[in-house]
Amino acid sequence: MQNGSLTACRPWKLYFQNTDNDSKSCLAVGQSHLACLCWSLGNATAADMALVEQGDSAPPENCHRLVILGSAKVGKTAIVSRFLANKFDENYTPTIEDFHRKIYRIRGAPYRLDILDTSGNHPFPAMRRLSFITGDLFILVYSIDSRESFEEAIRLREQILECKGHCAGLKSQKTLDIPMVIVGNKADKESERVVEASEVTKQIEGQHGCAFVESSAKKSVNVDEVFLRLFEIAKLPSEMSPSMHRRVQPTYIGSTSGNNQRKGMSIRRKMSDACGTVAPNVRRPSIRTDLLVAQTRTGRTKTSPDGARESKCLIQ
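Summarised in this report is the structure supplied together with it. Everything numeric here is computed off the predicted structure, so don't read it as measured data.

Focus: the overall build of the chain
When helices and strands are counted, the chain shows nine helices and 13 strands. In the chain, buried positions account for 49% of the 316 residues. In the chain, the share of contacts with a sequence separation of at least 24, taken over all contacts with a separation of at least 6, comes to 68%. Roughly 16,200 Å² of accessible area belongs to the chain as shown, and the carbon and sulfur atoms make up 50% of that amount.

This is the structure:
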């Protein structure tokens, strides 16, 4: 079992596959030694698979979850919409929780980015804490015309560091390196600004893995920079940023672009020929699955008198 890898059979039933003998056994919640919750699609080769299916079979090290946090009405969903489709909706609809998945092929390798767009209101603290534990990358959004939203972003940053530090068993948060970008959105409202950029840079001074960008999702200003900085901090391919790859359909299999189509590409994009798509009708992993991830990452288990491993909840 130690050399195994976790796979899943649709629809969403998790199995643990032992790579020594290819046998499968159903995964129990208490098996906290498992390290990955990615899905495998059998023995199909990448050349035979649509891009969306390649994302399902991406290796664990290429699968990441991005969590977007911040107060209500600061533009979290607008930033996500710009990132995924370069669109902006003037109408405000409160977000409960939205889940998106973007699949890439970069330099021949599949990548998967899951995006959790959270609610500005958080009536369930345990769920928010769970998003801290299961998140790999974080974008904390505030509005430059709202000091309350800025203070909330700073609180969220501290809570994430505290949670990650506790899970890692660290006494000091200074050694933590959590990829994070604080975004001052609504930069188009300069005349209504109440939060200066210097205040933010002072707050994050000395914090590893944290950057600051001001943007306007409405005017499409610096949104790309937000993700470029985040992927740079996380040591992920810069081609994951919208301007650095071709948008293709989920069913896209191979490169069919001719020379005329490639004339507008930058030299960097021509070299990698990166492409990406938004997975359609994607379903958010269940809370049980997230709890399994949390248990794996925290490693907080204890051994009962009979030798069985018992899990300890850290989400409360």
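Re the sheet that holds strand β6 (residues 109-118)
The pairing of strands in a sheet comes from backbone hydrogen bonds and takes either a parallel or an antiparallel form. Taken in spatial order, the eight strands of this open sheet run β9-β8-β7-β4-β6-β5-β11-β10, and their pairing is mixed. Two strands lie at the open edges of the sheet, namely β9 (210-214) and β10 (246-247), each paired on one side alone. Bridge count for strand β8 (residues 180-185) against β9 is five bridges, and the pairing is parallel. Bridge pairing links Ile182 to Phe212 in β9. Packing of helix α5 (residues 197-204) onto the sheet brings it into contact with β7 (137-143), β8 and β9, and relative to β9 it is tilted by some 170 degrees.

A word on a nonpolar patch on the surface
There is a patch of nonpolar side chains on the surface, built from Phe124, Met127, Ile287 and Leu291 and spanning about 350 Å² of accessible area. Summarising the element assignment, Met127 is placed in helix α3 (residues 125-134).

As for the pairing of strand β5 (residues 97-106)
By the criterion of burial, β5 is predominantly enclosed, with seven of the 10 residues buried. For β5 and β6, the ladder comprises 10 bridges, and the chain directions are antiparallel. Bridging across to β6, Ile106 finds its partner in Ala109. The pairing of β5 with strand β11 (residues 275-278) spans four bridges and is antiparallel. Across the sheet, Ile103 pairs through a bridge with Thr277, a residue of β11.

Digging into the pairing of β8
The two faces of the sheet receive side chains in turn, since in a regular strand these alternate between them. Counted residue by residue, β8 has six buried out of six residues, so it is predominantly covered. Side chains Met180, Ile182 and Gly184 of β8 all project onto a buried face; the interleaved residues Val181, Val183 and Asn185 project onto the opposite face, where all are buried too. Note that β7 and β8 share six bridges and pair parallel. When the bridges of β8 are listed, Phe138 appears paired with Met180.

Here we look at the packing of helix α2 (residues 76-85) against helix α6 (residues 223-233)
Contact geometry for α2 and α6: axes closest at 10 Å, N-to-C directions at 85 degrees. With respect to their mutual orientation, α2 and α6 come out roughly perpendicular. Between α2 and α6, the residues in contact are Ile79, Arg82 and Phe83 and Val223, Phe227 and Phe231, respectively.

Description of the packing of aromatic side chains
All told, the structure shown has four aromatic pairs when counted by the stated rule. Ring geometry for Phe83 versus Phe227: centroids 4.1 Å apart, planes at 20 degrees, classification stacked. You can see Phe83 sitting in helix α2 and its partner Phe227 sitting in helix α6, a full 144 residues away along the chain. Neither Phe83 nor Phe227 differs from the other in exposure class; each is buried. A ring pair is formed by Phe83 and Phe231, whose centres lie 6.5 Å apart and whose planes are at 55 degrees; its orientation type is tilted.

Details of the packing of α3 against helix α9 (residues 287-298)
Relative orientation of the contacting elements α3 and α9 amounts to 55 degrees, with a least axis distance of 9 Å. The angle between α3 and α9 places the two elements in the oblique class. In terms of crossing hand, the pair formed by α3 and α9 is left-handed. Facing Met127, Leu130, Ile133 and Thr134 of α3, the residues of α9 in contact are Ile287, Asp290, Leu291, Val293, Ala294, Arg297 and Thr298. Among the residues forming the contact of α3 with α9, the class breakdown is seven nonpolar, two polar and two charged.

Here is what the cut-offs are and how they apply
Residues numbered from 1 in each chain as written. Predicted model: local features only at pLDDT ≥ 70, side-chain atom pairs only at ≥ 80, totals over all residues. Heavy atoms only, no water. Helix = DSSP H or I, 4+ residues; strand = E, 2+ residues; numbered from the N terminus. Buried < 20%, exposed > 50% of the residue type's maximum accessible area, 1.4 Å probe, protein only. Contact = heavy atoms within 4.5 Å. Areas by Shrake-Rupley, 256 points an atom, 1.4 Å probe, with all protein chains shown as cover. Pairing = 2+ DSSP bridges. Axes fitted to C-alpha atoms, helices over the stretch in contact; angles between N-to-C directions. Patch = residues over 30% accessible without salt bridge, like charges linked within 9 Å, V, L, I, M, F, W, Y side chains within 5 Å. Salt bridge = Lys/Arg side-chain N within 4 Å of Asp/Glu carboxyl O. Parallel < 35°, antiparallel > 145°, perpendicular 65-115°, else oblique. Phe/Tyr/Trp six-rings, centres within 6.5 Å; stacked < 30°, edge-to-face > 60°. Left-handed = near helix turned anticlockwise from the far one by under 90°. Nonpolar A, V, L, I, M, F, W, Y, C, P; charged D, E, K, R; others polar.

Scope: geometric values only; no functional claims are made or implied.
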